[in-house]
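# Tertiary structure, described
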Amino acid sequence: MPTSKKPKIHTFLWYAHEAEEAATLYASIFPDSHVDGVWTMAADSPSGPAGSVKVVDFTLFGQPFQAMTAGAHHDFNDAISIVVSCDDQAELDRYWDALLAAGGKPQACGWLMDRYGLRWQIVPAAMDDLMSRGDPAKRKRVAEAMMKMVKLDIAALEAA
């Protein structure tokens, strides 16, 4: 019978190396975030001998995550990303800048790749409303403006 209280669904991330380092970095950037625990697999596995596979439980914005360092398997790619909804430009800039300062690389349309290869979307909280509600011509202008941006500019999106 399980003794820890976990939600029925959470995100699990496989890192070739540095899962604990990544979780510690993310927890240092986002509020209500922390590393909850680290443990190693007690048995041999296809990834290595007993003790070589490290599992990290962590929380970002109050949401549980789990990560594992278990050697190369599949690289992260654009098919999966973590979306951070930001209330204002200052918040968006803070998270964007922190991930880039830690070795990330900007991509396009509010996306960046952190130094571990994980993709992030740092977006305005109002993005879905801007892209899906109201006048179709306005929605088109918002989408066209977004497609020209790397880091999103909330004022420019709202003005489109």
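Before any of the text, the structure's been laid out above.
Before going into details, it helps to say that this report is about the structure given with it. For clarity, every value in this text was computed on a predicted model and none was experimentally measured. (Residues numbered from 1 in each chain as written. Predicted model: local features only at pLDDT ≥ 70, side-chain atom pairs only at ≥ 80, totals over all residues. Heavy atoms only, no water.)

Let us look at the packing of aromatic side chains. Taken as a whole, this structure holds ten aromatic pairs when the rule is applied. Geometrically, the ring pair formed by Phe-30 and Phe-61 is tilted, given 5.2 Å between the ring centres and 40° between the ring planes. With Phe-30 in the loop between helix 1 (19–29) and strand 2 (34–40) and Phe-61 in the loop between strand 3 (54–60) and strand 4 (63–69), this residue pair connects regions lying 31 residues apart in the sequence. Classification of Phe-30 by relative accessible area gives buried; the value is 3%. Ring geometry for Phe-61 versus Tyr-95: centroids 5.8 Å apart, planes at 85°, classification edge-to-face. Here Phe-61, found in the loop between strand 3 and strand 4, pairs with Tyr-95, found in helix 2 (residues 89–101); they are 34 residues apart in sequence, far enough to count as distant. For Phe-61, a relative accessible area of 32% gives the class partly exposed. (Phe/Tyr/Trp six-rings, centres within 6.5 Å; stacked < 30°, edge-to-face > 60°. Helix = DSSP H or I, 4+ residues; strand = E, 2+ residues; numbered from the N terminus. Buried < 20%, exposed > 50% of the residue type's maximum accessible area, 1.4 Å probe, protein only.)

This structure, assessed with the given rule, holds zero disulfides. Not engaged in a disulfide, the cysteine Cys-86 finds its nearest cysteine sulfur in Cys-109; these two sulfurs lie 16 Å apart. Note on Cys-109: relative accessible area 15%, which makes it buried. (Disulfide = S-S within 2.5 Å.)

The buried fraction of strand 4 is high, at five of seven residues. As defined by bridge partners, strand 1 (residues 11–15) adjoins strand 4 across five bridges and the pair is classed as parallel. Bridge assignment links Leu-13 to a residue of strand 4, and that residue is Ala-67. Summarising the sheet, strand 3 and strand 4 pair through seven bridges and their orientation is antiparallel. Looking at the pairing, Thr-59 lines up with Pro-64 of strand 4. From the end of strand 3 to the start of strand 4, which pair antiparallel, there are two residues, and Phe-61 there has a positive phi angle of about 50°. (Pairing = 2+ DSSP bridges.)

With that settled, the discussion passes to the pattern of salt bridges. Pairs can form between side chains of opposite charge once their charged atoms are near each other. With the rule as written, the count across this model stands at seven salt bridges. Asp-93 is the partner of Lys-151 in a salt bridge, and the nearest nitrogen-oxygen pair spans 3.1 Å. Taken together, the residues Lys-151 in the loop between helix 4 (136–147) and helix 5 (154–159) and Asp-93 in helix 2 connect sequence positions 58 residues apart. Linking Asp-97 and Lys-151 is a salt bridge whose minimum nitrogen-to-oxygen distance equals 4.0 Å. Of this pair, Asp-97 sits in helix 2 while Lys-151 sits in the loop between helix 4 and helix 5, and the two are 54 residues apart along the sequence. Taken together, the shared-partner salt bridges connect Asp-93, Asp-97 and Lys-151 into one network. (Salt bridge = Lys/Arg side-chain N within 4 Å of Asp/Glu carboxyl O.)

The next point concerns the sheet that holds strand 7 (residues 111–113). Adjacent strands of a sheet form backbone hydrogen bonds with each other and so pair up, either parallel or antiparallel. Taken in spatial order, the four strands of this open sheet run 5-8-7-6, and their pairing is mixed. Edge positions in the open sheet fall to strand 5 (81–86) and strand 6 (105–106), since each of these has one partner strand only. Sheet analysis places strand 5 next to strand 8 (residues 119–124), joined by six bridges and oriented parallel. Pairing of Ser-81 across the sheet is with Arg-119, part of strand 8.

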